[in-house]
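# Tertiary structure, described
Spelled out, the chains give:
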Amino acid sequence: EVFRRSGQCFEVRQLLLSSDLQRLEFWPESSKAMPSAAQGGSGVAGSAFPGGKGGRRRVAESFLRVEWLTRIHVPRSTLAIVQQSAPTGNGTPRLVGQRHQSQLSTRKQALPFDLVVSDGEPWRLSAPDVHSFHVATAAIGALMGARASLPSFALMLGFGVSVGSA
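Here is a short report on the structure shown in this document. (Residues numbered from 1 in each chain as written. Predicted model: local features only at pLDDT ≥ 70, side-chain atom pairs only at ≥ 80, totals over all residues. Heavy atoms only, no water.)

### Re the overall build of the chain
Each helix and strand in the chain was counted, giving four helices and eight strands. Burial analysis of the chain (166 residues in total) assigns 31% to the buried set. Entry remark: accessible area of the chain is about 9,800 Å², with carbon and sulfur atoms responsible for 56%. (Helix = DSSP H or I, 4+ residues; strand = E, 2+ residues; numbered from the N terminus. Buried < 20%, exposed > 50% of the residue type's maximum accessible area, 1.4 Å probe, protein only. Areas by Shrake-Rupley, 256 points an atom, 1.4 Å probe, with all protein chains shown as cover.)

### Comments concerning helix α3 (residues 130-145)
The end-to-end C-alpha distance of α3, which contains 16 residues, comes to 22 Å, matching closely the 22 Å that a straight helix rising 1.5 Å per residue would cover. Within α3, burial applies to Phe133, Ala136, Thr137, Ile140, Leu143 and Met144. Buried residues in α3, looked at end-on, bunch into an arc of 125°, giving them a common side. In α3, the exposed residues that point more than 90 degrees away from the buried face are His131 and Gly145. (Expected span 1.5 Å × (residues − 1). Arc of directions from axis to C-beta.)

### So, the pattern of salt bridges
All chains considered together, the criterion is met by six salt bridges. Measuring nitrogen to oxygen at the nearest pair gives 3.1 Å for the salt bridge that ties Arg23 to Glu25. Both residues of the pair, Arg23 and Glu25, count as buried. When salt bridges with common partners are traced through the structure, they connect Glu11, Arg13 and Glu61 into a single cluster. (Salt bridge = Lys/Arg side-chain N within 4 Å of Asp/Glu carboxyl O.)

In structure tokens, the structure reads:
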């Protein structure tokens, strides 16, 4: 989910990596709005696919360049929820008490976090559950760690980007 300042609320969006590996793109949740292999696209956001078919979007609603990312900020409240739901070494949750565990597993808990960008305001995102939080933050962290190599990776994979990006 992405926080929208205009409405002061979170809106559901899908976060995808662009085909040139340079942008995190935000697409509307609707399957008609996103390119996919089943709909004639490549399944990778930002790819060219025929327009005019069923009113699908050709361009992401918004994007964030990977090179702008400086860090991921996790608020203390989110961190506490994530740590409480983490299993111990034997696979059992750290929380004590059956009642509290069942509430945590059945309740959808918003887990907000921020993508801090250079020379700009942070982008506020929210994961709907602990698993999604781990997937999103690990993937974004990996992109940030490999950002210098991403243009080369895209070129090696045949995505047609030049390595001389600023």
